[in-house]
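Architecture at a glance
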Amino acid sequence: MSATLVLENVARHFGGVPAVDGLSLSVPAGQITGLIGPNGAGKTTVVNLITGLLHLTSGRVLLDGKDVSRCEAPELARAGVARTFQNIRLVPDASVLDNVLAGFHRHEKTGLWANLLGLPSARAETRRLKDEAMTLLERFGMTALAQYRAGGLSYGHQRRIEMMRALAMRPRLLLLDEPVAGMNDAEAESLAGIFRSVAADGVAVLLIEHNMRFVMSLCSRLYVVAAGRLIAEGEPEAVGRDPVVVEAYLGA
Ligand SMILES: Nc1ncnc2c1ncn2[C@@H]1O[C@H](COP(=O)(O)OP(=O)(O)OP(=O)(O)O)[C@@H](O)[C@H]1O
Ligand SMILES: [Mg+2]
């Protein structure tokens, strides 16, 4: 199976203490792959390593077979890696629309000068991006909130803005760090449909989530980590029954 993202024996230590300790996994295009584990297991650290926010202590990260272990965050963003943040990171005083537009940054075709001079090409580009952003808002049921201040909205809405901004990057690899945390079942279910359709479009999706029922219903494959190490992997059904996994959760 051709995998978009592969981690090979990845480790990251903080002051000699391992947060991620020799992890290998693969996230194929067109599927949702789950990464689960107790608090402090190293899940967010994995996302930070993949996106270049943190550098590896050892191991390799491969994107479509190319070693991107030493790439910086902007380079990875240009290569099509997008994420959402567990601790929401929006521009709180900017509007919902402007926060989503920020995601289009890497796709702007016209240059800085065209923009500054207000050339027709720049204006047409701005209009096109706004239309595209509004299409995303519609998909997430937030059209009416386009001009609202992002920071004044509920966590559920802010998490949706995070996802729209990530999708505006038209990613090949999408990393979702607890995207439905704090949402009720109905809200989470409406987002599940969006995650499925994103994967169906060929995007490789890595989903981190504590709600086992949610994860099981969405993922083709699960990786379970505890203390930075892989303790189980496989199809959701089998993993959910694995005594080692049950123990890791009950013990946490
Ligand atoms: N920048 C950092 N400096 C020092 N230690 C860190 C840093 N980032 C993470 N850690 C440590 O690494 C370990 C893994 O943390 P991480 O946030 O990756 O866990 P997690 O699986 O995402 O947990 P949660 O489910 O609570 O979000 C923790 O012990 C944490 O304290
Ligand atoms: Mg985390």
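Being a predicted model, the structure only gives us computed values, none of them experimental. (Residues numbered from 1 in each chain as written. Chains lettered and ligands numbered in written order. Predicted model: local features only at pLDDT ≥ 70, side-chain atom pairs only at ≥ 80, totals over all residues. Heavy atoms only, no water.)

Right, let's talk about the overall build of the protein chain for a bit. When helices and strands are tallied, the protein chain shows 10 helices and 10 strands. Rg of the C-alpha trace for the protein chain: 19 Å, near the compact-globule value of 18 Å for 252 residues, within the 12% margin. Dimensions of the protein chain, computed from C-alpha atoms along their principal axes, come out at roughly 60 × 40 × 35 Å. For the protein chain, the computed accessible surface area is about 12,000 Å², with 54% contributed by carbon and sulfur atoms. Seen as two clouds, the 26 positive and the 26 negative side-chain charges of the protein chain have centres 5 Å apart. (Helix = DSSP H or I, 4+ residues; strand = E, 2+ residues; numbered from the N terminus. Rg over C-alpha atoms; globule rule 2.2 N^0.38 Å. Areas by Shrake-Rupley, 256 points an atom, 1.4 Å probe, with all protein chains shown as cover. Lys, Arg positive; Asp, Glu negative; His and termini not counted. Charge placed at Lys NZ, Arg CZ, Asp CG, Glu CD.)

There is about 470 Å³ of room inside the largest pocket. Looking at the lining of the largest pocket, the elements that each hand over two or more residues are helix 2 (73-78), strand 6 (81-83) and helix 6 (155-168). It is helix 2 that contributes the most residues to the lining of the largest pocket, 4 residues altogether. Grouping the amino acids of the lining of the largest pocket by side-chain chemistry returns 11 nonpolar, 4 polar and 4 charged. Taken domain by domain, the lining of the largest pocket gets at least three of its residues from each of domain 1 (1-80 + 173-252) and domain 2 (90-170). Taken as a whole, the second largest pocket encloses approximately 220 Å³ of empty space. Sorting the residues of the lining of the second largest pocket by element identifies helix 5 (120-139) and helix 6 as the ones contributing at least two each. Take the lining of the second largest pocket: its biggest share by element is 4 residues, from helix 5. No fewer than three residues from each of domain 1 (1-80 + 173-252) and domain 2 (90-170) sit in the lining of the second largest pocket. (1 Å grid on protein atoms, 1.4 Å probe; cavity = no way out; pocket = protein on both sides within 12 Å on 5 of 7 lines; lining within 4 Å. Points joined across faces, edges and corners; volume = space filled by probe spheres on them. Nonpolar A, V, L, I, M, F, W, Y, C, P; charged D, E, K, R; others polar. Domains from an automatic or database assignment.)

This part covers the domain arrangement of the protein chain. Per the domain assignment, the segments making up the protein chain are domain 1 (1-80 + 173-252) and domain 2 (90-170). On a C-alpha basis, the centroid separation for the pair domain 1 and domain 2 is 26 Å. In this assembly, 17 residues from domain 1 lie in contact with 10 residues from domain 2. Interface area for domain 1 against domain 2, summed over the two sides, is near 1,100 Å², with a carbon-plus-sulfur share of 64%. The interface formed by domain 1 and domain 2 contains 1 salt bridge. Arginine 160 is paired through a salt bridge with glutamate 187; the nearest N and O atoms lie 3.7 Å apart. In this structure, the connection of domain 1 to domain 2 is made through 2 residue pairs in polar contact (both at pLDDT 80 or more). Those elements that provide at least two residues to the side of domain 1 that touches domain 2 are helix 2, strand 7 (173-177) and helix 7 (185-200). Per-element tally for the side of domain 1 that touches domain 2: the top contributor is helix 7, with 7 residues. (Contact = heavy atoms within 4.5 Å. Buried area = accessible area lost by both parts, 1.4 Å probe. Salt bridge = Lys/Arg side-chain N within 4 Å of Asp/Glu carboxyl O. Polar contact = N/O pair within 3.5 Å; in protein donor to acceptor, adjacent residues only side chain to side chain.)

What follows concerns the sheet that holds strand 3 (residues 32-36). Ordered by their spatial adjacency, 6 strands build an open sheet running 6-7-8-3-9-10, and the pairing between neighbours is mixed. Of all the strands in the sheet, just strand 6 and strand 10 (229-234) have a single pairing partner and so form its edges. Each neighbouring strand pair of the sheet contributes to a mean axis angle of 20°, computed without reference to strand direction. Relative to strand 7, strand 6 is paired through 3 bridges, and the arrangement is parallel. Bridging from a neighbouring strand, valine 81 pairs with leucine 173 of strand 7. (Pairing = 2+ DSSP bridges. Axes fitted to C-alpha atoms, helices over the stretch in contact; angles between N-to-C directions.)

Once that is clear, we can look at the pairing of strand 7. The element strand 7 is largely enclosed, with a buried count of 5 among its 5 residues. A two-sided burial pattern is seen for strand 7, the buried positions comprising Leu173, Leu175 and Asp177 on one face and Leu174 and Leu176 on the other. Across 5 bridges, strand 7 lies against strand 8 (residues 204-208) in parallel orientation. For leucine 175, the partnering residue across the bridge sits in strand 8 and is leucine 206. Where the polypeptide runs from strand 7 across helix 7 and back to strand 8, its parallel neighbour, the crossover connection is right-handed. (Buried < 20%, exposed > 50% of the residue type's maximum accessible area, 1.4 Å probe, protein only. Right-handed = clockwise from strand over helix to strand, strands pointing away.)

Glancing now at the site of ligand 1. In the region of ligand 1, 13 residues are neighbours, and Gly40, Lys43, Thr44, Thr45 and Gln86 sit closest. At 2.8 Å, a backbone N or O of glycine 40 approaches an oxygen atom of ligand 1. At a separation of 2.8 Å, an oxygen atom of ligand 1 approaches a polar side-chain atom of glutamine 86. About the coverage of ligand 1: the protein hides 58% of its 640 Å² of free accessible area. For the shell around ligand 1, the element with the most residues is helix 1 (residues 43-50), which contributes 3 residues. Looking at side-chain class alone, the shell around ligand 1 contains 4 nonpolar, 7 polar and 2 charged residues. (Near = heavy atom within 4 Å.)

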